[in-house]
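Given next are the chains, with one letter for each unit.
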Amino acid sequence: QVQLVESGGGLVQAGDSLRLSCAFSGRAFSTYAMAWFRQAPGKEREFVATIQWSGTLTYYADSVKGRFTISRDNAKDTVYLQMNNLKSGDTAVYYCAAVQSSGLGTLSPHNYHLWGQGTQVTVSS
């Protein structure tokens, strides 16, 4: 059974950096496209970034482009989200998600069947 476990969230100040990790337990991590989503209180879950199984292709939401970097280490079955120059608008619970695909993951959360429990990121201004 595949499980995803996020870590690395916390309380930081605007302009700081954080790196989130998502550990994948199960088989065939390299057959999954991975993604990060986030959900702020009272808002819908929104797409942040996705990465292809090989790590070659990535795609970002406009709101984080140039500040966030998604990466993966298939030897460690882990996907990362490096977040730089954090803003108060980045405050949310961050979730990693997985879908078996040879390409990038999609922007819609409805297409992912595997989710982590989430990790809170709070950015104070």
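Scroll up for the structure.
Colleague: Tell me about a nonpolar patch on the surface, and please be specific about residues and values.
Modeller: Residues Leu 57, Tyr 59, Leu 104 and Leu 107 make up a contiguous nonpolar surface patch of about 340 Å² in total accessible area. Within the secondary structure, Leu 107 sits in the loop between strand S9 (92-100) and strand S10 (114-115).

Colleague: So what's going on with the sheet that holds strand S8 (residues 78-83)? Residues and values would help.
Modeller: Here we have four strands laid out as an open sheet, ordered S1-S3-S8-S7, and antiparallel in their pairing. With partners counted over all chains shown, the strands left at the sheet margins are strand S1 (3-7) and strand S7 (68-73), one partner each. Pairs of neighbouring strands in the sheet enclose a mean axial angle of 15°, with direction left out of account. When strand S3 (residues 18-25) meets S8, the two strands line up antiparallel, connected through six bridges. The residue bridging Ser 21 from the neighbouring strand is Tyr 80, located in S8.

Colleague: Tell me what's going on with the packing of aromatic side chains, and back it up with residues and numbers.
Modeller: Applying the stated rule across the entire model yields eight aromatic pairs. Seen in terms of ring centroids, Phe 37 and Tyr 112 are 5.3 Å apart; in terms of plane orientation they differ by 75°. Their pairing is edge-to-face. Taken as a pair, Phe 37 in strand S4 (residues 32-39) and Tyr 112 in the loop between S9 and S10 lie far apart in primary sequence, 75 residues in all. The same class applies to Phe 37 as to Tyr 112, namely buried. Aromatic ring contacts, followed pair by pair, group Phe 37, Phe 47, Tyr 59, Tyr 95, Tyr 112 and Trp 115 into a single cluster.

Colleague: Hey, could you go over the side chain of Arg 38 for me, with residue numbers and the actual values?
Modeller: Mapped onto the secondary structure, Arg 38 falls in strand S4. For Arg 38, the side chain forms a polar contact with the side chain of Asp 90, separated by 2.9 Å. Side chain to side chain, Arg 38 and Tyr 94 meet in a polar contact 3.0 Å long. When near neighbours in sequence (up to four residues on either side) are disregarded, Arg 38 contacts Glu 44, Arg 45, Glu 46, Val 48, Ser 63, Val 64, Phe 68, Gly 89, Asp 90, Ala 92, Val 93 and Tyr 94.

Here is what the cut-offs are and how they apply
Residues numbered from 1 in each chain as written. Predicted model: local features only at pLDDT ≥ 70, side-chain atom pairs only at ≥ 80, totals over all residues. Heavy atoms only, no water. Patch = residues over 30% accessible without salt bridge, like charges linked within 9 Å, V, L, I, M, F, W, Y side chains within 5 Å. Areas by Shrake-Rupley, 256 points an atom, 1.4 Å probe, with all protein chains shown as cover. Salt bridge = Lys/Arg side-chain N within 4 Å of Asp/Glu carboxyl O. Helix = DSSP H or I, 4+ residues; strand = E, 2+ residues; numbered from the N terminus. Pairing = 2+ DSSP bridges. Axes fitted to C-alpha atoms, helices over the stretch in contact; angles between N-to-C directions. Phe/Tyr/Trp six-rings, centres within 6.5 Å; stacked < 30°, edge-to-face > 60°. Buried < 20%, exposed > 50% of the residue type's maximum accessible area, 1.4 Å probe, protein only. Polar contact = N/O pair within 3.5 Å; in protein donor to acceptor, adjacent residues only side chain to side chain. Contact = heavy atoms within 4.5 Å.

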